[in-house]
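Results of the structural survey
Listed below, chain by chain, are the residues.
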Amino acid sequence: MNTPGPGEERGLRADPLGDLPNDFEAFFTRENLGYLRYAQQRLRHREDAQDAVQNAGATLYKNWRRALASADPQAFAFKVVKDAVVDVLRDRRRTERKRLRVIAQRRPDTSQDELDELAELDALDWAMDELARAAPVQADVVRLRQAGLSYHDIGRSLGIAHTTARTYYSLGRRHLEYLLEHPDEEDAEP
């Protein structure tokens, strides 16, 4: 059986372990590109994404027997990747807080274009955080879809049907658009 390449649809299978390689290296090599796309979409920097996926790979390697023994090894692996991405985000926030303390002491010169670009990214980050708080699965579906994964792959990674993934993507996108168009209304809610 040929393994579909990135972006190719995989059909649902009756046995979730059917085409799953028992060898960690074969599994991680096959799934690595999707993990990297997901991490890069969340972290926005290729180097950080590579670090997160590499850390996830090390953790998954240590827990490979647990992954194979779980009900859905692909979902187990994706959870490890998500946790590694969150760890990088936490480290980044700590570093950012330290940097802001230094900046507050120096008052750097910044152009208006740079400020506008940062404001747009901040607004998108805020909207994604709000979506993740209100509907975490929808947020994951939106991130994975933006990373280029098919609905079938998203469904398998999150343990949901591909049709549900398609619906959650649509709902998540609409929720993001609403949040970006009406940011003040979301702050007013209790």
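My aim in this report is to walk through the structure given alongside it, one point at a time.

In this section: the overall build of the protein chain. Secondary structure assignment for the protein chain yields nine helices and zero strands. Out of the 190 residues belonging to the protein chain, those deemed buried represent 33%. Counted over contacts in the protein chain with a minimum sequence separation of 6, partners at least 24 positions apart contribute 64%. Total accessible area on the protein chain stands at roughly 12100 Å², and carbon and sulfur atoms take up 49% of it.

Bringing the environment of Asp 87 into the picture now. With respect to the helices and strands, Asp 87 occurs in helix α4 (residues 73–106). Measuring from C-alpha to C-alpha, the distance between Asp 87 and Asn 55 comes to 9.7 Å, with 32 residues separating the pair along the chain.

For Arg 156, the position within the fold is in helix α7 (residues 151–158). Residue Arg 156 is classed as buried on the basis of its relative accessible area, which comes to 11%. Within the structure, the side chain of Arg 156 is placed 2.9 Å from the side chain of Asp 153, a separation counted as a polar contact.

Summed over the entire model, instances satisfying the criterion amount to seven aromatic pairs. Considering the side-chain rings of Phe 24 and Tyr 61, the 5.3 Å spacing of their centres and the 65° angle between planes classify their relative orientation as edge-to-face. In this pair, Phe 24 is assigned in helix α1 (residues 24–43) and Tyr 61 in helix α2 (residues 46–62), connecting sequence segments 37 residues apart. Accessibility expressed as a relative area gives 56% for Tyr 61, which makes it exposed. Plain terms: the ring middles of Tyr 151 and Tyr 169 are 6.2 Å apart, the flat faces sit at 65° to each other, and that makes the pair edge-to-face.

A contiguous patch of positive charge, built from Arg 93, Arg 97, Lys 98 and Arg 101, is present on the exposed surface. Structurally, the position occupied by Arg 101 is in helix α4.

Moving on to the side chain of Ser 150. For Ser 150, the position within the fold is in the loop between α6 (136–146) and α7. On the basis of relative accessibility, which here comes to 3%, the residue Ser 150 falls in the buried class. Engagement of the side chain of Ser 150 in a polar contact is seen with the backbone nitrogen of Asp 153, the distance being 3.1 Å.

With that out of the way, let us pick up unusual backbone geometry. In the Ramachandran plot, Arg 44 falls in the positive-phi region, its phi being about 65° despite a non-glycine side chain. Tracing the chain through its elements places Arg 44 in the loop between α1 and α2. The partly exposed category is assigned to Arg 44, whose relative accessible area is 36%.

This part is about α7. The buried fraction of α7 amounts to seven of the eight residues, a majority that puts the element mostly inside the structure. Considered for burial, the residues of α7 that qualify are Tyr 151, His 152, Asp 153, Ile 154, Gly 155, Arg 156 and Ser 157.

What counts, and at which threshold
- Residues numbered from 1 in each chain as written.
- Predicted model: local features only at pLDDT ≥ 70, side-chain atom pairs only at ≥ 80, totals over all residues.
- Heavy atoms only, no water.
- Helix = DSSP H or I, 4+ residues; strand = E, 2+ residues; numbered from the N terminus.
- Buried < 20%, exposed > 50% of the residue type's maximum accessible area, 1.4 Å probe, protein only.
- Contact = heavy atoms within 4.5 Å.
- Areas by Shrake-Rupley, 256 points an atom, 1.4 Å probe, with all protein chains shown as cover.
- Polar contact = N/O pair within 3.5 Å; in protein donor to acceptor, adjacent residues only side chain to side chain.
- Phe/Tyr/Trp six-rings, centres within 6.5 Å; stacked < 30°, edge-to-face > 60°.
- Patch = residues over 30% accessible without salt bridge, like charges linked within 9 Å, V, L, I, M, F, W, Y side chains within 5 Å.
- Salt bridge = Lys/Arg side-chain N within 4 Å of Asp/Glu carboxyl O.
- Lys, Arg positive; Asp, Glu negative; His and termini not counted.
- Charge placed at Lys NZ, Arg CZ, Asp CG, Glu CD.

Everything listed is a geometric property; what it means functionally is a separate question.
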